[in-house]
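Inside the fold
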Amino acid sequence: MNKRNVTALTMALTLPFACPQAVSAAPEDEAQAAEVAQMKAEIAALSARLNTLEQQLAAAQAKQEKKEKTSKAKKGADIVWSGSTKTGYMYDQEKHGTVKAEVRLKAKTKVDDTYDVAFGLKFKSTSAEPTESEVDPMDPKHVKDGHAAEKNKVKLDEASIGRSFGLVYVRLGVQSATIGEGLWLGKSSLNIGSLRYTMTPNDNVFLGYGRDSQDYLAESEKTQSRLLKFFQYEHAFGKDALAGFYLGAQQPERYVGVYGETPLVGKLSIMGEYVRNNNTTKPSMKDGNNEKNGYGYKAIGSHSDTAGYLLSLRYGQAKKKGDLLTSLNYFNVDQNLFMDDGYTAYDDYITQDGLKGFGLVLDYMTSDHTKLSLERYWAHTKPVAGNVSFDGKPSTESPYYTTYVKFTSKF
């Protein structure tokens, strides 16, 4: 054997001992590939299992939602009930007493998680003590007999549907509305459409258009509704501090007003409102046949604007049991500021004859939901020069002194 062949044979025999990894590399690669393939197979199986579980979960959720909707449809929408009561006794300067009782009931529910529907009724009873016989100022030919009087009335307080569109809330139907502090308008049973737009957390706009009708359902006397519309802007400066203005019309009256309230120091705060009626045409409440028509003023003759304002200085609060709120009110309201005094929130005191004077109000919370109030007013009417009554006599100032004790509750 030649030398070259011996060298080649020697290298072949010694190579496996010098580089063992070169021989074992191929089997290790095959093992790793098999392991990777097995892991891929396991991942694929887990993915398939996860997809199956997701499909089962979606099906179970859909079944549960369908079951809840069916159950809710059978059960009906949840109805939230609320209301208030008021019982009181008022004694006036003519030593004439009147017992008043009132109950309000309201139901509200949500339909299809979109619209809210409200319905409410007001029941009112007024019993007046006998008075002396007198001539009816509305009809000089008629003499009031002075017998005790009792009135029981039922009124549709609310029947409306509302919906929220983000920052805008719209309500249609019979509803409540309070403009400013309620000197001009603060009543329920208004048949209107309203819109409230929350511009910012501190600014909002309130609009309304419709009829002011609020006839009692159990009263035979027919009254005439009038066109009602208003625009109000209000800005909140902070906690319990705000100011605003409004424009309004209650056919044929045209109103413009400003209002505000703010804390002063400690528990002392102040509230006020000013309103002006720019209507100078004052129709009589009697027609050409000298018959009452339910539309107009009892005293006419003056063609001037009328105005009124309210200032209230308050100490304390009336929010929870044991609270005491003391209010000193001052009214200065012209005669004929309102054609119908039934729409002001202060209709227990303000009439077409006007009002000027002071009132002291004490409110004590006997519980978190009940309140005992004592109201005492020292005032007089405020006639406007040029106005005369139906019998041709000029309007004159007359005293107004009342004491009103009432107990109210909310639930």
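Provided above is the structure to which this section pertains.
These notes cover the structure that comes with them. Remember, predicted model here, so these are calculated numbers, not experimental data.

**Observations regarding unusual backbone geometry**
The peptide bond linking Gln 251 to Pro 252 adopts the cis configuration, its omega dihedral lying at 5°. Among the secondary structure elements, Pro 252 is positioned in the loop between strand S11 (241–250) and strand S12 (253–265). Of note in the backbone geometry, Lys 95 takes a positive phi value of approximately 55° without being a glycine. Among the secondary structure elements, Lys 95 is positioned in the loop between strand S1 (79–92) and strand S2 (97–111). Look at Lys 95 and you get exposed, because its relative accessible area is 66%. One non-glycine residue, Ser 189, lies in the positive phi region at around 65°. With relative accessibility at 3%, the residue Ser 189 sits in the buried group.

**Concerning the pattern of salt bridges**
One pass over the structure, following the stated rule, counts 15 salt bridges. Here Glu 375 ties to Lys 406 by a salt bridge, and the two come within 3.2 Å at their closest N and O atoms. On the criterion of sequence distance, the pair formed by Glu 375 in strand S17 (residues 370–380) and Lys 406 in strand S18 (residues 399–410) is long-range, its members being 31 residues apart. Judged by relative accessible area, which is 15%, Lys 406 ranks as buried.

**Details of the pairing of strand S3 (residues 115–128)**
In terms of strand pairing, S2 meets S3 through 14 bridges, oriented antiparallel. If you follow Glu 102 over to S3, its bridge partner there is Lys 124. Linking two consecutive strands that pair antiparallel, namely S2 and S3, is a turn of three residues; a positive phi of about 55° is found at Asp 112 within it.

**Some thoughts on the nonpolar core**
Counting residues in hydrophobic clusters, the biggest one holds 32 residues, and the most contacted among them are Trp 184, Leu 185, Phe 230, Phe 331, Tyr 346 and Ile 350. Those residues in contact with Tyr 346 that sit more than four places away from it in its chain are Glu 181, Gly 182, Leu 183, Met 271, Leu 310 and Phe 331.

**Details of the packing of aromatic side chains**
Evaluated as defined, the whole model comprises twelve aromatic pairs. Pairing Phe 231 with Phe 245 gives two aromatic rings, centres 6.2 Å apart and planes at 50°, and the pair type is tilted. With Phe 231 in strand S10 (residues 227–238) and Phe 245 in strand S11, this residue pair connects regions lying 14 residues apart in the sequence. Taking relative accessible area as the criterion, Phe 231 reaches 31% and is therefore assigned partly exposed.

**Considerations on the side chain of Asp 92**
Relative to the helices and strands, Asp 92 is located in strand S1. For Asp 92, the side chain forms a polar contact with the main-chain nitrogen of Glu 94, separated by 3.0 Å. A polar side-chain atom of Asp 92 sits 3.0 Å from the main-chain amide nitrogen of His 96. Apart from the residues lying within four places of it in its own chain, the contact partners of Asp 92 are Tyr 401 and Thr 402.

**Topic: the side chain of Gln 175**
Along the chain, the position of Gln 175 falls in strand S7 (residues 168–178). Looking at Gln 175, its side chain comes within polar contact range of the main-chain oxygen of Arg 171, at 3.3 Å. Sequence-distant contacts of Gln 175, defined by excluding residues within four places in its chain, comprise Asp 157, Glu 158, Lys 187, Ser 188, Ser 189, Leu 190, Ile 192, Gly 193 and Ser 194.

Conventions adopted
- Residues numbered from 1 in each chain as written.
- Predicted model: local features only at pLDDT ≥ 70, side-chain atom pairs only at ≥ 80, totals over all residues.
- Heavy atoms only, no water.
- Helix = DSSP H or I, 4+ residues; strand = E, 2+ residues; numbered from the N terminus.
- Buried < 20%, exposed > 50% of the residue type's maximum accessible area, 1.4 Å probe, protein only.
- Salt bridge = Lys/Arg side-chain N within 4 Å of Asp/Glu carboxyl O.
- Pairing = 2+ DSSP bridges.
- Core = buried A, V, L, I, M, F, W, Y, C linked by side-chain atoms within 4.5 Å.
- Contact = heavy atoms within 4.5 Å.
- Phe/Tyr/Trp six-rings, centres within 6.5 Å; stacked < 30°, edge-to-face > 60°.
- Polar contact = N/O pair within 3.5 Å; in protein donor to acceptor, adjacent residues only side chain to side chain.

Honestly, it's all geometry; don't read function into it.
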